[in-house]
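Observations on chain architecture
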Amino acid sequence: MKSVFKILLFAMAMTTFYVSTYAQKDNRQRMTREQLAETQAKYIAQEMAMNDTTAKKFVATFCQFQKEIWALGPRPKKGVSSGTDAETEQAIKERFAHSQKILNLRHKYYEEYSKFLSQQQIARVYELERKMMDSLYHRSQKERLKNNK
């Protein structure tokens, strides 16, 4: 009887320890969007070996670009094909308008980057940015799958 009680007590202690450890892992600090954008910009500047002056200009410009993108709001939803033709048409036009706004911002900031980066550097910035976005997307998908289990 005493051994059963000891095993039960041990199991409860291990469960308590495991739950508290798991809770600590979930309470890790998340970066704000602004912090993430600045971290991304600094990473790109470091990868491209920019000098301090260029890196500061790039980080400030990149962060401002991100703020303007966020100001546009979320992308319009895609799945409206079950609505009427008029609703579907409206949804498609909203997506076009949103895409055009993003394109206009990309053009605006291309012009800004052209003031202090070469064309090859700008192309490399876009390449590194795309790789980071893909990486973040895949990480979020893995976490979503893990959380749904």
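Rules used in this analysis
Residues numbered from 1 in each chain as written. Predicted model: local features only at pLDDT ≥ 70, side-chain atom pairs only at ≥ 80, totals over all residues. Heavy atoms only, no water. Phe/Tyr/Trp six-rings, centres within 6.5 Å; stacked < 30°, edge-to-face > 60°. Helix = DSSP H or I, 4+ residues; strand = E, 2+ residues; numbered from the N terminus. Buried < 20%, exposed > 50% of the residue type's maximum accessible area, 1.4 Å probe, protein only. Lys NZ or Arg CZ within 6 Å of the ring centre and 35° of its normal. Axes fitted to C-alpha atoms, helices over the stretch in contact; angles between N-to-C directions. Parallel < 35°, antiparallel > 145°, perpendicular 65-115°, else oblique. Left-handed = near helix turned anticlockwise from the far one by under 90°. Contact = heavy atoms within 4.5 Å. Nonpolar A, V, L, I, M, F, W, Y, C, P; charged D, E, K, R; others polar.

Considering the packing of aromatic side chains
- Under the defined criterion, the tally for this structure stands at four aromatic pairs.
- Residues Phe58 and Phe62 carry aromatic rings whose centres are separated by 5.6 Å and whose planes lie at 40° to one another, so their mutual orientation is tilted. Of the two residues, Phe58 and Phe62 are both situated in helix α3 (residues 52-71); the distance of four residues between them amounts to about one turn of the helix. Like Phe62, Phe58 is buried.
- A network of ring pairs unites the aromatic residues Phe58, Phe62, Tyr113 and Phe116 as a single cluster.
- Over the ring of Tyr126 we find Arg106; its NZ or CZ atom is 4.9 Å from the centre of that ring.

Some details on unusual backbone geometry
- The backbone phi angle of Ala49 is positive, close to 55°, even though this residue is not glycine.
- Tracing the chain through its elements places Ala49 in the loop between α2 (33-47) and α3.
- Given a relative accessible area of 66%, Ala49 falls into the exposed group.

Quick look at the packing of helix α4 (residues 85-114) against helix α5 (residues 119-148)
- Close contact between α4 and α5 brings their axes to 10 Å; oriented N to C, the two are set at 135°. Considering the angle they form, α4 stands oblique to α5. Note on packing geometry: the crossing formed by α4 with α5 is right-handed. On α5, the residues that touch Arg106, Tyr110, Tyr113 and Ser114 of α4 are Gln119, Ile122 and Tyr126.
- For the contact of α4 with α5, the residue count by class is four nonpolar, two polar and one charged.

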